[in-house]
Structures are given as C-alpha cells and as structure tokens.
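# Observations on the model geometry
So the chains spell out like this:
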Amino acid sequence: MRNSATDSTTSSYGRGTLPKGVRSRMVHAVNGLDVHLLEAGYESPGRPLALLLHGFPDLAFGWRHLLPLLADAGYHVVAPDQRGFGRTTGWVNQYDTPLAPFGLLNMTRDALGLVSALGYRRTALLVGHDFGSPVAAYCALARPDVFPSVVLMSAPFPGPPALPFNTAASEASPVQPNTENQQLAAALAALDPPRVSYLQYLSTRQANEDMWHPPQGLHAFLRAFFYVKSADWPGNKPHPLQARTALELAQLPTYYVMERGQTMPQTVAPFHPSAAEVLASHWLTEPELGVYTEEYGRTGFQGALQAYRVYSDADLTAELRLFSGRTLDVPSLFIGGQRDWATYAAPGALELMKAKAATRMGDIELIDGAGHWIQQEQPAQLSTLLLAFGQEVGGK
C-alpha cells in the first residue's frame, strides 16, 4: 500500500519525544505540497488507513500519544502537518498571499491527494480536530467514496453556507454573513470593557508578529495558551450559549472573546501555570512543548492563521455554496472535551449538526478530564471511542 519513493525520513524530528513506533517523513507532490507527516503502523502493508487532521495552533505532533494506540489496534495511522503548518512546504508564508490555497475545498484536496499518494482508495478512519474538523467534514461531504465515515472533534459542523432561497419575487436583499459579522463586531466593541472576537483578532495583520515574538517569549506564550484551553485550567466551565449575540458571547473566556486592544500573548499571560503545574503536565512536557516552540519559532504563525481569514473571505464562502443544502450522510461521530468551550463557542452549531447537517450522527461524546487538546490530554479515552466507532462502521 506504500510507495517507498515518497519516503524521506526526518529522523531528528521531535527531539526524542516521539513514542516508539512513530516516525516522521515527507511525502512529495501532494496538491502542490511536500507534506510532512507522522505515522505509525507502517511496517505491515495492507492495514486500513486512519487519517488524523489537526487544528490551530497544533501540528501533526499533537497526535503523538494517539498514533501508537491506533496502530496497536491494526491501523496504518497518518497525521500530516496541514497546509500552512510545521514542516509541510509549498505554501506562501505571507499575509498578502492569495487566500484561495488555504480555502476549505483546497484543504480537502490536500487530504484527498495524500490518501492517493499513500496508495489508498479510502480511509477507514478520518478524524479532524479544531480547524481539522471542517476540513474532515468537507472531505466526507465532497468525496464519501474516499471518506466513508468521519469523526469531528471540538468544532461542530453546522453544514455548508446556504444559498438565498425563494428570493426572486422579493425586492429586499438578503442579509449577508459578512454584514452579520460586522454588526456583531460592533456590538462586542460597545461592551464595557470593549471586546473583540478572537476570530477577528487572529485575522489581523499584526496577530502573527504578536504571537511569534511575544514579550514573555514564544515558549512561555505557548505554555500559557495550551494550559488555559485545557482541563487543567479551573476557569473552563463550558455550557451552551443561547444566541450569537455580544452579551452571550461575552460569557466565553477571554481567549475567545478578548479585551479590545489586547494581544493574544497579553490575554493568556495572567494564566501561565505555576512551575509545579508545568511539572505535573504529563500530556505536554517541557521537551514536548519545545517541539512546538521550535516549529513555530521557525515558521511563525501566518500560514496557520490563514485558516481564520478564509471564513471572512466572500469568494471562498461562495465556493462552499456549491454544497448548499447538502447534508453529511456518512456515519459520523462528534467528540468534545467536557472542559472545552469549543463545543459551544459557535452558538447553535452543535444543534444544527445534530438536527440537520449530519444525517447519520452518532452520540455526542464529551470526554471527562479533557479540555480542548483531547488527543493530548486523554488519548486512551479517545482511542477507545475511535476504535469502537471504527468497528461499528466497518473500518476495522
């Protein structure tokens, strides 16, 4: 199932932190990219493929604890650095580059091309976390023959954007999403103190420089960011929000709805864990965090941040309307962390996914003891759910 010509092992990756049986390598010429990936279970040909897609500001490295667990169950498990991230190359690392290559449908082509390059016709497991969740959803929406099941983590999929319906006889122009976003931004700015959505902040030109060279140093910034979004931070007590209004969204932690004028490093700095808490972080040790520091220190964050900018791009939103009214009809599963606000950060998305967008959605699984970084914080619980789902859908 593998083509040895695609191999280019990067043995120094991870500074000794990769679990036994996990290797790093490059796969070339995948939809214009040279893709860096981590994989396990590669020794035996013919194994079913499990493809794991990370989010922000994660990397393939974020799946390191899960990779050997799925490999031990018989999968060939592959986790790529997605376009814009890590050691994957072939994308332009500039704010002013065209956004189309970072659009969801081109990221879908990245995944499709990688499956083919690895010598597979289909995945047995497709899992997407955070921004990887909508990428995985569009994979299954567009090519259910190649992606016959999907697991969405942390970010619910509310379905593709709708085309205006039954408007031919009406003289009124339908409200456009960008107008709604502008109205919400104005309402957040009018709060006391004034607030701004992290989505809006991360789309700005200065966000990359703010996070790449923060006053506390990159390592300290990343430690605080990972900590404050994890189950370790006692302030994470998520609950559903009633509506997409400024007052409702203001209930979110400041890493989601920031104080206007604050950078992300300034926002998370007060929550930096103590030395004892850092030592107790079994899921992200200092050497493991050092891998993130090294990778983002080298690339900066702009490639990763493009994912946020595509959501406010009118042309890329119009491209997604090709799937307007289309539902996700493959067997699907949603997994969140009990201490993760991401499940509720887009009010109504979870309900839309369950009621309308995904017609074969199983139970909503919220993992105890997990915040946003589920695959790092609780890999054993996650693997149990994934393996049960894979067996149910016939992937293994």
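In this report, the structure presented in the accompanying data block is examined.

Definitions and cut-offs
Residues numbered from 1 in each chain as written. Predicted model: local features only at pLDDT ≥ 70, side-chain atom pairs only at ≥ 80, totals over all residues. Heavy atoms only, no water. 1 Å grid on protein atoms, 1.4 Å probe; cavity = no way out; pocket = protein on both sides within 12 Å on 5 of 7 lines; lining within 4 Å. Points joined across faces, edges and corners; volume = space filled by probe spheres on them. Helix = DSSP H or I, 4+ residues; strand = E, 2+ residues; numbered from the N terminus. Nonpolar A, V, L, I, M, F, W, Y, C, P; charged D, E, K, R; others polar. Buried < 20%, exposed > 50% of the residue type's maximum accessible area, 1.4 Å probe, protein only. Contact = heavy atoms within 4.5 Å. Polar contact = N/O pair within 3.5 Å; in protein donor to acceptor, adjacent residues only side chain to side chain. Pairing = 2+ DSSP bridges. Axes fitted to C-alpha atoms, helices over the stretch in contact; angles between N-to-C directions. Left-handed = near helix turned anticlockwise from the far one by under 90°. Parallel < 35°, antiparallel > 145°, perpendicular 65-115°, else oblique.

## Quick look at empty space enclosed by the protein
Gaps left between atoms are located by rolling a probe of water-molecule size over the structure's atoms. Inspection of every chain in the model, using the stated rule, returns four cavities of 30 Å³ or more. By volume, the largest cavity is sized at about 100 Å³. Every residue lining the largest cavity is listed: Leu33, Val35, Leu51, Leu53, Pro80, Asp81, Gln82, Arg83, Thr88, Asp110, Ala111 and Leu114. Residue assignment for the lining of the largest cavity shows that the elements contributing at least two residues are β2 (33-40), β3 (49-53) and α2 (104-117). Within the lining of the largest cavity, the residues separate by chemical class into seven nonpolar, two polar and three charged.

## Section: the environment of arginine 244
Structurally, the position occupied by arginine 244 is in the loop between α7 (218-228) and α8 (246-249). Using a relative accessible area of 43% as the deciding quantity, one classes arginine 244 as partly exposed. Residues arginine 244 and leucine 328, spaced 84 residues apart in sequence, show a C-alpha to C-alpha distance of 24 Å. Setting aside chain neighbours within four positions, we find arginine 244 in contact with Asn181, Leu184, Leu249 and Pro347. In terms of polar contacts, arginine 244 uses its side chain to reach the side chain of asparagine 181, at 2.8 Å.

## Comments concerning the sheet that holds β3
What the eight strands build is an open sheet, ordered β1-β2-β4-β3-β5-β6-β9-β10; its pairing is mixed. Of all strands in the sheet, those bounded by a partner on one side alone are β1 (23-30) and β10 (361-367). Direction aside, neighbouring strands of the sheet carry axes that sit 25° apart on average.

## Thoughts on the pairing of β1
Each regular strand displays side chains that alternate between the two surfaces of the sheet. Taking burial as the measure, the eight residues of β1 include six buried ones, the bulk of the element. Pairing between β1 and β2: six bridges, direction antiparallel. Paired with valine 30 across the strands is leucine 33, a residue of β2. Between β1 and β2, which pair antiparallel and follow one another directly, the connecting turn spans two residues, one of which, asparagine 31, has a positive phi of 50°.

## Some words on the packing of α7 against helix α11 (residues 286-299)
Remark: α7 packs on α11, axes separated minimally by 9 Å, with the N-to-C direction vectors making an angle of 120°. Relative to α11, the crossing made by α7 is right-handed. Contacts between α7 and α11 pair Leu218, His219, Leu222, Arg223 and Phe226 from the former with Glu286, Leu289, Gly290, Tyr292, Thr293, Tyr296 and Gly297 from the latter. Looking at side-chain class alone, the contact of α7 with α11 contains six nonpolar, four polar and two charged residues.

## Quick word on the side chain of threonine 343
Considering the arrangement of structural elements, one finds threonine 343 in the loop between β9 (332-337) and α14 (349-357). Among residues more than four places away in sequence, those in contact with threonine 343 are Ser154, Pro156, Phe334, Gly336, Leu350 and Leu366.

## Thoughts on the packing of α2 against helix α3 (residues 132-142)
Interaxial distance between α2 and α3 falls to 9 Å at its minimum, and their mutual angle equals 75°. Relative to α3, the element α2 lies roughly perpendicular. Contacts from Leu104, Leu105, Met107, Thr108 and Ala111 in α2 reach Pro134, Val135, Tyr138 and Cys139 in α3. Residue composition of the contact of α2 with α3, grouped by class: eight nonpolar, one polar and no charged.

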